[in-house]
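Read off the chains here:
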Amino acid sequence: MATRPISAGQRGARVDWRAAMRRALRRSAEIGGALLLGGGMVFLAIALATYEWTDPSVSTAAGGTVENWMGAPGAWVAERALLLFGLVSVLFLPMLYVMARKLWRLVEEEDQDLPHADHAWWRPVGVLLFAMALIATTISLVIDFDSTLPAGWGGIAGLLGEGAVRWVAAQLPEAARFWTILAAGIACLGGGAILA
């Protein structure tokens, strides 16, 4: 049995093999993540478009057949999104698209050996959620009639924002209340639109 020391060239080949394996695994994860987010976007779009308030979900005691085209999971996801943000929950769709596209671009950049900046994924998501809450607040302030949505047109985020605005306005003299609510609604809509 002959033994030979590993030459420097052979050691370099082993390191390159490991780096190539890590790169391939990262690339597979990025492609898989992009496809998963894209599929999630399509799923959510269909679930929201075919939402029925009579479908069984967490906040309803309804039973029977599910009318949502995505079945029981689609009814549950649509109900949760609408419960949290109301009509503004449609902004989840471009968010999922942008995240999927970013992952796909990372793959393209790696194919061309371009350096890419690593950004915290949670920052844009947090900014968009805050923008959605601001827009939902405006919707809750403006639209006052009944809805078949789980928590009204603005969802829970809109109801909480509306409650905060109306509480602040109630602390002011009666002549300033309407103008305070109007200014807050315009500020929430403008700020939410800019952030989104």
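Use the structure listed above.
All of the points below concern the structure found in this document. Fair warning: this is a prediction, and the values are worked out from it, not measured in the lab.

Rules of the game
- Residues numbered from 1 in each chain as written.
- Predicted model: local features only at pLDDT ≥ 70, side-chain atom pairs only at ≥ 80, totals over all residues.
- Heavy atoms only, no water.
- Phe/Tyr/Trp six-rings, centres within 6.5 Å; stacked < 30°, edge-to-face > 60°.
- Buried < 20%, exposed > 50% of the residue type's maximum accessible area, 1.4 Å probe, protein only.
- Helix = DSSP H or I, 4+ residues; strand = E, 2+ residues; numbered from the N terminus.
- Contact = heavy atoms within 4.5 Å.
- Axes fitted to C-alpha atoms, helices over the stretch in contact; angles between N-to-C directions.
- Parallel < 35°, antiparallel > 145°, perpendicular 65-115°, else oblique.
- Left-handed = near helix turned anticlockwise from the far one by under 90°.
- Nonpolar A, V, L, I, M, F, W, Y, C, P; charged D, E, K, R; others polar.
- Salt bridge = Lys/Arg side-chain N within 4 Å of Asp/Glu carboxyl O.
- Core = buried A, V, L, I, M, F, W, Y, C linked by side-chain atoms within 4.5 Å.

1. Re the packing of aromatic side chains
For the coordinates displayed, the defined rule picks out two aromatic pairs. On the basis of an interplanar angle of 75 degrees and a centroid distance of 5.7 Å, the ring pair of Phe85 and Phe92 is categorised as edge-to-face. For the residue pair Phe85 and Phe92, the accessibility class agrees, reading buried in each case. Look at Phe178 and Trp179: their rings are 5.1 Å apart centre to centre, the planes differ by 80 degrees, and that puts the pair in the edge-to-face class.

2. Observations regarding the side chain of Ser57
Within the element layout of this structure, Ser57 appears in the loop between helix H1 (8-49) and helix H2 (71-85). Those residues within four positions of Ser57 in sequence are excluded, and the remaining contacts are Ala75 and Glu79.

3. Brief notes about the side chain of Thr137
Within the secondary structure, Thr137 sits in helix H4 (residues 122-142). Apart from residues no more than four positions distant in its own chain, Thr137 is found in contact with Ala157, Gly158, Gly161, Glu162, Val165 and Cys188.

4. Examining the packing of H4 against helix H5 (residues 155-170)
Interhelical geometry of H4 versus H5 gives an angle of 70 degrees and a closest axis separation of 7 Å. Compared by their axis directions, H4 and H5 come out roughly perpendicular. Handedness of the H4/H5 crossing: right-handed. Contacts from Ala133, Ala136, Thr137, Ser140 and Leu141 in H4 reach Gly155, Ala157, Gly158, Leu159, Gly161, Glu162, Val165 and Arg166 in H5. Class assignment of the residues belonging to the contact of H4 with H5 gives a composition of six nonpolar, five polar and two charged.

5. Overview of the pattern of salt bridges
Counted according to the given criterion, the structure contains two salt bridges. Close ionic contact of Glu79 with Arg80 constitutes a salt bridge, the shortest N to O distance being 2.8 Å. On the accessibility criterion, Glu79 (1% relative accessible area) is buried. Taking relative accessible area as the criterion, Arg80 reaches 24% and is therefore assigned partly exposed. With a closest N to O distance of 3.0 Å, Glu162 and Arg166 form a salt bridge. Of this pair, Glu162 and Arg166 are both found in helix H5, four residues apart, which corresponds to roughly one turn of the helix. For Arg166, a relative accessible area of 38% gives the class partly exposed.

6. Some words on the packing of H4 against helix H6 (residues 174-195)
Put simply, H4 and H6 touch, their axes get as near as 8 Å, and they point 145 degrees apart. Relative to H6, H4 is oriented so that their crossing is left-handed. On the side of H4, the interface is formed by Val127, Phe130, Ala131, Leu134, Ile135, Thr137, Thr138 and Leu141, while H6 contributes Ile181, Gly185, Cys188, Leu189, Gly191, Gly192, Ala193 and Leu195. Among the residues forming the contact of H4 with H6, the class breakdown is 11 nonpolar, five polar and no charged.

7. Here's the deal with the nonpolar core
The biggest cluster of nonpolar side chains holds 21 residues, and the ones touching the most others in it are Leu44, Leu48, Phe85, Val88, Phe92 and Met132. Those residues in contact with Val88 that lie beyond four places of it in its chain are Met132, Ile135, Ala136 and Ile139.

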